[in-house]
Amino acid sequence: MADPSPPPLPVLPPRLALSPARFAVGLPLLALLVLAVERAWTCGGELAKGAPDMARILDEMWPPSFVRAGTVARLMFETASMAVAGAAVGCAASFLLAFLAAKNLSPHPLAYYLSRAAISFFRTVPDLVWAIFFVVAVGLGPVAGTLAIVVDTMGFCGRFYADAMEETDPGPREALVASGAGRFGVVLAAVVPAALPAMVNASMFALEKAVRASVVLGLVGAGGIGIELKASMDMFQFSEATTIILAIFVLVLGVEQLSALVRRRIL
Amino acid sequence: MDETLVARGAARGAPGRDPGGGAGAGPPAGPPDLDVRGIRKDFGDSRRAVLDGVSISVKPGEAVALIGPNGAGKSTLLRCCLRLVEPDEGDVRLLGHDLRAMRGSALRRARAATGFVFQRHNLVGRLSVLSNVIHGGLASGWGVLRWNQAFAPRAARERAIECLARVGLVHLADRRADRLSGGESQRVAIARALMGSPRLVFADEPVASLDPGIGEEVMRLFAHLIRSSGLTLLFTSHQLDHALAYSDRVVALRRGRVVLDAPSRDVGRADLRAVYG
C-alpha cells in the first residue's frame, strides 16, 4: 500500500538579499552604467549629425580604384611579412619565456616571478605604444613594426604557453625524471606534446592578432599598409582606400582560414 | 606486536622464492642493489610523518613486495628510493651509489640504471607507442633527440621495437598512446621501463588500474620479464595474492614504519591481519 504522506520538501537555498556590502558595491557600478549610457547617448547624437557625411564617403568609396595597385600589393606583402616574422619570432621567444614562467618547470622561483612579470608587462602595454617606442628607437619602417609585434606576441603567447605547460599531467614528467632524463628532455618529450594543442591554438590566434596589428601599426610609421590607408583617407582618395580595405580583408580572411586549417590538422 | 613481526624473516634465515611465482633459485648473495636506512619523510600536512625511520634492503635479483594499508607510505618510499621525493632524513644506496650525495648528471645516470612502472602508466598520450618506449632511453647520449621516434637514432628505435616485442605489442608501435586499452598501456609502460636496460625495477601498484583478468595477465608478464632477465624488483601492491605470488620477500608498512619483513612463503593470514588491522 502506498504511503499517503508526501516526501518532505527539500530546504530551499536563501533568496538573494540586498546586504549593505552588496549595496555598497552595486551602487557605484550602477552609477558607472548611467554615466556610460549618458556618454553613449551624446555619441549617438554625433553619429546622427555625421550620418550624411558617412553616406557621402561610402558613396565615393565605390567602385575601388586600382591606380596604385602595385604599391598596395607591395605594402600588403610588407604587412604580411611583418605579421608572420613578428609572430614567429614572438612565438619562439614565448616558448623560452614560458619555460621559465611555468611554475612546475621553472628552474628557480626568482626566474618564475621575473618572467611572469615580464609577460604581464608585455601584455598590458598596447602594441601601438610598443610601435611608437620602436619607431623612436630604430626609426620609421617595418623593423619597428615587427619588433612591436614580437613583444606583443610574447605578452600574449608567453602567458598561454606557460599556463598550458602548467596544466600538463605531471605523471609522464615524473616517469621521465625517474628514467634519468634531464630537464630539457623532459620538457621536449613530456610537456610539449601534451601542451601542443593549446600552444598551437594560442600561436594561431597570435598570428591573426599580428596581421590585424600590422595593418594598424603603419599609422605611427612602423611599416605596412596602414600609412597608405591613412594617406588615402587624408587626401580624400576614398576609392583607393576601398582597394586597401579590400586587400586587408582578403589578407585577414586568408590568415584566418589558414589558422583554422592548422588547428584542424593538429588539434 | 610490530617488533615481533619486523625482521622475522631474518631470524628464520635467508629469504627464498615462492614456487607460485615461477621462481628458480634464490637471489645471489652480494651487496644489496638497494639499501635504504632510516628514511624519514614528513610533508607537513598531517600530524605524523609519512615515513618514519624506514630501512629496507633489496639484494640483486630479489623480488620484494611492499604492502600496507592506504597512506602507509609505500608509494612515497618508492619515490624516495630515486629521490623523486626528497627524504628529510636517512640514506639511500642505489646500485652501490650514495644517492643522497648525488646531484645533476650523476643523479640522472644513477636513475637511468633503474626502471619505474607507475600505477597510472604515465605515458605521453599524444605520442606514438614507439616514441613512449624510446623515452625510456632519454638519459643516454643525445637523449634530447629521443623525444620523438622520428628523430631518434636507429639503435634506439631498434631497441624500442625489441622491448615492445618482449611485451607482445610490436604491432601497435605506430598507435597513439591515448588510443590503447588499459592493459596495453601498462605493457607499453613496462617496455619503456626496460628500454634503458635497468638492473633494478620499481613498480608502484603496477596493475591497480586494470580489471582483475587483465591485471593478472599483465602482472604475470611483468614478473616473467623481470625474473627471466635476472632483474631486481621492488613493487607495491594492494593485491595480497600478487604480493605473495610474485615476490621472494614481503615488507609491510603501517603508519610510515616497517611492521613486517619476511619471506613471502612464511607470511600467513595472521601476519596480514596484523598489518591491515
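If you're wondering where the values come from, they're calculated on a predicted model, not measured in any experiment.

The rules behind each value
Residues numbered from 1 in each chain as written. Chains lettered and ligands numbered in written order. Predicted model: local features only at pLDDT ≥ 70, side-chain atom pairs only at ≥ 80, totals over all residues. Helix = DSSP H or I, 4+ residues; strand = E, 2+ residues; numbered from the N terminus. Buried ≥ 20, exposed ≤ 12 C-beta atoms within 10 Å, placed from the backbone. Contact = placed C-beta atoms within 7 Å. Domains from an automatic or database assignment. Nonpolar A, V, L, I, M, F, W, Y, C, P; charged D, E, K, R; others polar. Pairing = 2+ DSSP bridges. Axes fitted to C-alpha atoms, helices over the stretch in contact; angles between N-to-C directions. Expected span 1.5 Å × (residues − 1). Core = buried A, V, L, I, M, F, W, Y, C linked by C-beta atoms within 7 Å.

## Looking at the overall build of chain B
Phase 1 of the analysis: Tallying secondary structure elements over chain B gives 10 helices and 10 strands in all.
Phase 2 of the analysis: Taken across its 277 residues, chain B has 51% of its residues classed as buried.
Phase 3 of the analysis: Looking at chain B alone, contacts between residues at least 24 apart form 70% of all its contacts between residues at least 6 apart.

## Brief notes about unusual backbone geometry
Phase 1 of the analysis: Cis geometry is adopted by the peptide bond preceding P63 of chain A, which originates at W62 of chain A and carries an omega value of 5°.
Phase 2 of the analysis: For P63 of chain A, the position within the fold is in the loop between helix 1 (20-61) and helix 2 (69-101).
Phase 3 of the analysis: Notably, N122 of chain B is not glycine yet its phi reads approximately 55°, a positive angle.
Phase 4 of the analysis: Here N122 of chain B shows up in the loop between strand 6 (114-117) and helix 5 (129-134).
Phase 5 of the analysis: What makes N122 of chain B buried here is the crowd of 24 C-beta atoms within 10 Å.
Phase 6 of the analysis: A positive phi is found at R255 of chain B, a non-glycine position, where the angle reads about 50°.

## Looking at the domain arrangement of chain B
All names here are of chain B.
Phase 1 of the analysis: Domain annotation of chain B identifies domain 1 (1-12 + 31-112 + 232-277) and domain 2 (114-197).
Phase 2 of the analysis: The distance between the C-alpha centroids of domain 1 and domain 2 comes to 27 Å.
Phase 3 of the analysis: Taken together, the contact pairs five residues of domain 1 with four residues of domain 2.
Phase 4 of the analysis: Among the residues making up the side of domain 1 that touches domain 2, the classes are represented as two nonpolar, no polar and three charged.

## Observations regarding the sheet that holds strand 2 (residues 51-58) of chain B
All names here are of chain B.
Phase 1 of the analysis: Pairing is antiparallel across the open sheet formed by four strands, whose spatial order is 2-1-4-5. Among the strands making up the open sheet, the edge pair consists of strand 2 and strand 5 (97-98).
Phase 2 of the analysis: Across six bridges, strand 1 (residues 34-41) lies against strand 2 in antiparallel orientation. Bridge pairing in strand 2 links D35 to S57.

## A look at the sheet that holds strand 3 (residues 63-67) of chain B
All names here are of chain B.
Phase 1 of the analysis: One open sheet holds the six strands; their spatial order is 6-7-8-3-9-10, and the pairing between them is mixed. Each of the sheet's edge strands pairs with one partner strand only, and the pair in question is strand 6 and strand 10 (257-263). Pairwise comparison of adjacent strand axes, ignoring direction, gives a mean angle of 15° for this sheet.
Phase 2 of the analysis: As defined by bridge partners, strand 3 adjoins strand 9 (residues 249-254) across four bridges and the pair is classed as parallel. Among the inter-strand pairings, I67 is bridged to a residue of strand 9, identified as A252.
Phase 3 of the analysis: Of the strands in this sheet, strand 6 and strand 7 (200-204) are in contact with helix 7 (residues 182-195), which crosses strand 6 at around 165°.

## Thoughts on helix 9 (residues 238-266) of chain A
Phase 1 of the analysis: Its 29 residues place the ends of helix 9 of chain A 42 Å apart at the C-alpha level, agreeing with the 42 Å of an ideal helix rising 1.5 Å per residue.
Phase 2 of the analysis: Three or more residues of helix 9 of chain A are buried, namely E240, A241, T243, I244, A247, I248, L251 and V255 of chain A.

## Here we look at the interface of chain A and chain B
Phase 1 of the analysis: Each partner contributes to the interface: chain A provides 19 residues, whereas chain B provides 22 residues.
Phase 2 of the analysis: If you list the elements that add at least two residues to the side of chain A that touches chain B, you get helix 6 (170-178) and helix 7 (183-217) of chain A.
Phase 3 of the analysis: At eight residues, helix 7 of chain A tops the list of elements feeding residues into the side of chain A that touches chain B.
Phase 4 of the analysis: The class makeup of the residues in the side of chain A that touches chain B is 13 nonpolar, five polar and one charged.

## Some words on the nonpolar core
Phase 1 of the analysis: Ranked by size, the top nonpolar core spans 153 residues in total, and within it A148 and Y161 of chain A together with C81, V133, A191 and V250 of chain B carry the most contacts.
Phase 2 of the analysis: Element by element, the count of residues in this core is highest for helix 7 of chain A, at 19 residues.
Phase 3 of the analysis: Built from parts of two domains, this core gets at least three residues from each of domain 1 (1-12 + 31-112 + 232-277) and domain 2 (114-197) of chain B.
Phase 4 of the analysis: Apart from the residues lying within four places of it in its own chain, the contact partners of A148 of chain A are D127, W130, A131, F134, L217 and A222 of chain A.

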